Amino acid sequence: MAVQELGGIAEIEGWEAPVQKAAIIRLFGTLKSFARKKPLGLVCGVIVLFFFVIGDVVPETANKFAKTPIALPGLGTIKPDLGTPVPYLADQLAEVSPFLYPYAKQDLRARLQGSSSKHLLGTDAIGRDILSRLMYGARVAVMVSCGAVFISMTIGATIGIMSGFYGSWVDKFLYRIVDVFQALPPLVVFIVILGIFESGLWQLVIVLGVIGGPIQSRTIRGQTIYVMASPFIEAARVVGCSDRRIMIRYILPNVFALIVLNATFSLGFLVLLEATLSFLGYGLPPPFPSWGQMLSLEGRQYMRTQPGLSIYPGLAIGLLVFSFNLFGDALRDVLDPRLRGSR
Amino acid sequence: MQKYVAQRLLLTIPTIVMVTILIFLLLRVFLPASVIDLIIGEYGRNDPELRAALEKQLGLSGQLYNQYFDWIGVSWFWGGPTGLLQGNLGESLHSGRPVLGELKRRMPVSFELGLWGQFWAVVIPVPLGVFAALRQDKFADYGLRSVAIMLAAVPGFWIAVLVITFGSIWFNWAPPINFRTLTEDPIAHLKIMFLPALIIGLQPSGGLIRLVRTQMLEVLRQDYIRTAHAKGLSQTTVLYKHALRNALIPIVTVIGIGLPQIVAGTVIFEQIFIIPGMGRYLVDAVTNLDYPVIEGLTFIFAVLLMVSVLLVDISYAFLDPRIRFN
């Protein structure tokens, strides 16, 4: 009766909705205020973007999906034919400027050379250009960290929101699981799993993501409990929203800032972790260039003749992690509701 | 207080049980290459009798739950073999030596390395952080903060590689290959331990410098510091007796969180600096697919991690009464 007098839920929610600006203008405005408040954060964001572009994440993923046949039960396999593969930026650069970026050409006559105009950072023991290998390594670093973060955040958000929402035995049960994952020393588990089962790009992404997932749920659970006390959850209950709708439409948007923050902070950590595992020999197998592996295989072997081999990959790791961290810091200052009022 | 400790201890039991189940599933059920096949391959003949005998000897025959009970040592109570509960971690497939005996030699080495690392993680950041706080917004402060941010981004193993590279180029120095224990040759031992420990300590230092600095700044603004100054106490007394002590409380917390890291954090440095600790043992076992060793070591690592987390939590409950009643 009372609900009917008030009108539909859309009307209630729409009472004080401000006039919405176009999405692009809003995005531009946000970026502008971010740049004004956090110039260093923006610079680091640009560096992160640069590594994404260098890593050529988009073509890699697009080509992967364009080529993998999809098996459907009962219908047989479908082979998606999405035309010619998307060109890599690296390939394009190599064609346009051969002196700048001769990555694909292995030159056996130019081994272990110092930097020159042809090879900006020198070459390794079998005549491959170090700069080009570093750029390829960016692909591995970016793909592993982003993929693993996506998986772990999905798992962490699901566990955190569910245990915060239902409480009681669901919470207790899920928390025993999280406890178990916290009791496993991460590096040891990764070494055991990746050492026994074969390691590869997708194995690395999945193992890092799944093992790291439950631990991420701690803070999300806390935030969920905090959100659950708000009156709008009660209002949603009164109107008769289902549990799923409350979780997805009301709680998730309110904990999303926290999820994004956790994600940016674990990105840097995961780049370090991937490098560590590759350094120990549990990352990608050798022809694949990865920064950690370049340090351990070539860097240590030829350190006396070409010290650059042990310097540049580490610098690349440091720069990427540094930018991820500072970008995350700036993002936290802007997004974190607890810090927002203090300025 | 007792209630809290008892509760935490009771909660560890199901976690340990779950961890053993996970390790068991991972290493016995999902294992891609069967261990038996590997050993049979070394014998050079595929003989069902030999296979059955080997399975029985390695505890791989019978039902899965029976294997699990054997490994845990529950079946010992009705006359089975000894297991984890009786302190039997199994024997290495390759050397035939019991895992526990090997651990007795290796565990002190890893622990010592980790503790030295933790020592540097306190000795480096605390004075630097205090110094930065006292010179707030001056050149030294900016410099130290930049160094701190960079330290947090640079991987420790890269520093180790650089040290070895330039040590060998400039000073013709390389990490010693022969390991000496503390009792055999104390000076050689400390020489071996010094660099890896320093690098292990450098890793968390970046974050800790920033933390000490902010804590110190916050404490220095408190009323009791002004009172201490007003009473006419000297600058050093105010700093070390009043300010630093109060600033250190949350820092102890953070160092406590880092403590469990020493359990597994030394793996990579043991590998680089050729130190025969638990980490090297694990890496060797994984390379050889020496599954009893992997099982035993993962279990020990997990238990150590749990115990250190438990100790840290209980010490908080001592320090901070709010946790006890939660």
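All figures in this text were calculated on a predicted structure; none of them were measured in a lab. (Residues numbered from 1 in each chain as written. Chains lettered and ligands numbered in written order. Predicted model: local features only at pLDDT ≥ 70, side-chain atom pairs only at ≥ 80, totals over all residues.)

Q: For the overall build of chain B, give the residues involved together with the corresponding values.
A: Of regular secondary structure, chain B possesses 16 helices and zero strands. Expressed as a percentage of its 326 residues, the buried residues of chain B come to 31%. Taking all contacts inside chain B whose residues are at least 6 apart in sequence as the whole, residues at least 24 apart take part in 67%. (Helix = DSSP H or I, 4+ residues; strand = E, 2+ residues; numbered from the N terminus. Buried ≥ 20, exposed ≤ 12 C-beta atoms within 10 Å, placed from the backbone. Contact = placed C-beta atoms within 7 Å.)

Q: Describe in detail the overall build of chain A, supporting the description with residues and values.
A: Counting secondary structure elements, chain A contains 15 helices and two strands. Relative to its 343 residues, chain A shows a buried fraction of 39%. In chain A, the proportion of contacts linking residues at least 24 apart, taken out of those at least 6 apart, comes to 65%.

Q: Give me the lowdown on the interface of chain B and chain A, citing residues and values where you can.
A: Often, the extent of an interface is quoted as the loss of accessible area on bringing the components together. With 36 residues of chain B at the contact, the number on the chain A side is 31 residues. Looking at the side of chain B that touches chain A, the elements with two or more residues in it are α1 (2-29), α7 (139-153), α8 (156-170), α12 (261-264), α13 (267-272), α14 (278-288) and α15 (291-319) of chain B. With seven residues, the top contributor of residues to the side of chain B that touches chain A is α8 of chain B. Each residue belonging to the side of chain B that touches chain A can be placed in one class, and the counts come to 30 nonpolar, six polar and no charged. (Nonpolar A, V, L, I, M, F, W, Y, C, P; charged D, E, K, R; others polar.)

Q: I'd like a rundown of the environment of Val189 of chain A, residues and numbers included.
A: All names here are of chain A. Looking at where Val189 falls in the secondary structure, it is placed in helix α9 (residues 186-196). Along the sequence, Val189 and Leu208 sit 19 residues apart, while their C-alpha atoms lie 9.9 Å from each other. Look past the residues within four positions of Val189 in its chain and what remains in contact with it is Leu184 and Ile211.

Q: Explain helix α6 (residues 125-134) of chain B residue by residue, including any values.
A: Residues Pro125, Val126, Gly129, Val130, Ala132 and Ala133 of chain B constitute the buried set of α6 of chain B. Projection of α6 of chain B onto a plane perpendicular to its axis shows the buried side chains occupying an angular sector of 160 degrees, all on one side. (Arc of directions from axis to C-beta.)

Q: Tell me about the nonpolar core, and please be specific about residues and values.
A: The biggest cluster of nonpolar side chains holds 134 residues, and the ones touching the most others in it are Val144, Phe190, Ile191 and Val271 of chain A together with Leu282 and Leu297 of chain B. Sort the elements by how many residues they give to this core and helix α7 (residues 130-166) of chain A lands first, with 18 residues. Setting aside its immediate chain neighbours within four residues, Ile191 of chain A contacts Leu280 and Tyr282 of chain A together with Leu282, Val283 and Val286 of chain B. (Core = buried A, V, L, I, M, F, W, Y, C linked by C-beta atoms within 7 Å.)

Q: Could you give an account of helix α12 (residues 243-280) of chain A, with specific residues and numbers?
A: Residue and element names in this part refer to chain A. In this model α12 runs just 46 Å from its N-terminal to its C-terminal C-alpha over 38 residues, more than 12% under the 56 Å that 1.5 Å per residue would give. Maximal helix bending in α12 amounts to about 50 degrees, located at Leu252; proline Pro253 follows within four positions. In the segment just after α12, Gly281 is the residue with positive phi, at about 100 degrees. (Expected span 1.5 Å × (residues − 1). Bend = angle between axes of the 7 residues up to and from the residue.)

Q: Got a sec to walk through the domain arrangement of chain B? Specific residues and values, please.
A: Residues and elements named next belong to chain B. Per the domain assignment, the segments of chain B are domain 1 (2-86) and domain 2 (100-319). Across the contact, 14 residues belong to domain 1 and 13 residues belong to domain 2. Elements with a contribution of two residues or more to the side of domain 1 that touches domain 2: α1 and α2 (35-43). Examining the composition of the side of domain 1 that touches domain 2, we find that ten residues originate from one element, α1, more than from any other. A breakdown of the residues in the side of domain 1 that touches domain 2 according to their chemical character gives ten nonpolar, three polar and one charged. (Domains from an automatic or database assignment.)

Q: Just give me the short version of the confidence of the model for chain A, but keep the residues and values in it.
A: Of all residues in chain A, 71% attain a pLDDT of 70 or more, and the chain-wide mean is 75. When mean pLDDT is taken per element in chain A, helix α11 (residues 231-239) of chain A scores highest with 88 and helix α1 (residues 2-6) of chain A scores lowest with 48. (pLDDT = per-residue confidence, 0-100.)

Q: Break down the confidence of the model for chain B for me, with residues and values.
A: For chain B, mean pLDDT is 78; residues scoring 70 or higher make up 86% of the total. At the level of chain-chain contacts, confidence expressed as ipTM amounts to 0.80, with global pTM at 0.79.

Q: So what's going on with the packing of α7 of chain A against helix α8 (residues 168-183) of chain A? Residues and values would help.
A: Residues and elements named next belong to chain A. It is at 7 Å that the axes of α7 and α8 come closest, and there the two elements cross at 145 degrees. By crossing handedness, the relation of α7 to α8 is classed as left-handed. Across the interface between the two elements, Ile159, Met162, Ser163 and Tyr166 from α7 touch Ser168, Val170, Asp171, Leu174, Tyr175 and Val178 from α8. A per-class count over the contact of α7 with α8 returns seven nonpolar, two polar and one charged. (Axes fitted to C-alpha atoms, helices over the stretch in contact; angles between N-to-C directions. Left-handed = near helix turned anticlockwise from the far one by under 90°.)

Q: Let's hear about unusual backbone geometry: which residues, and what values?
A: The phi torsion at Ser168 of chain A lies on the positive side, around 40 degrees, for a residue other than glycine. If you trace the backbone, Ser168 of chain A turns up in helix α8. Non-glycine residue Ile274 of chain B carries a positive phi angle of around 55 degrees. Relative to the helices and strands, Ile274 of chain B is located in the loop between α13 and α14. The class of Ile274 of chain B is partly exposed, set by 15 C-beta atoms lying within 10 Å.

Q: Explain the environment of Val142 of chain A to me, using residue names and the numbers behind them.
A: On the secondary structure map, Val142 of chain A appears in helix α7. Judged by local crowding, Val142 of chain A falls into the buried class, with 23 C-beta atoms found within 10 Å.

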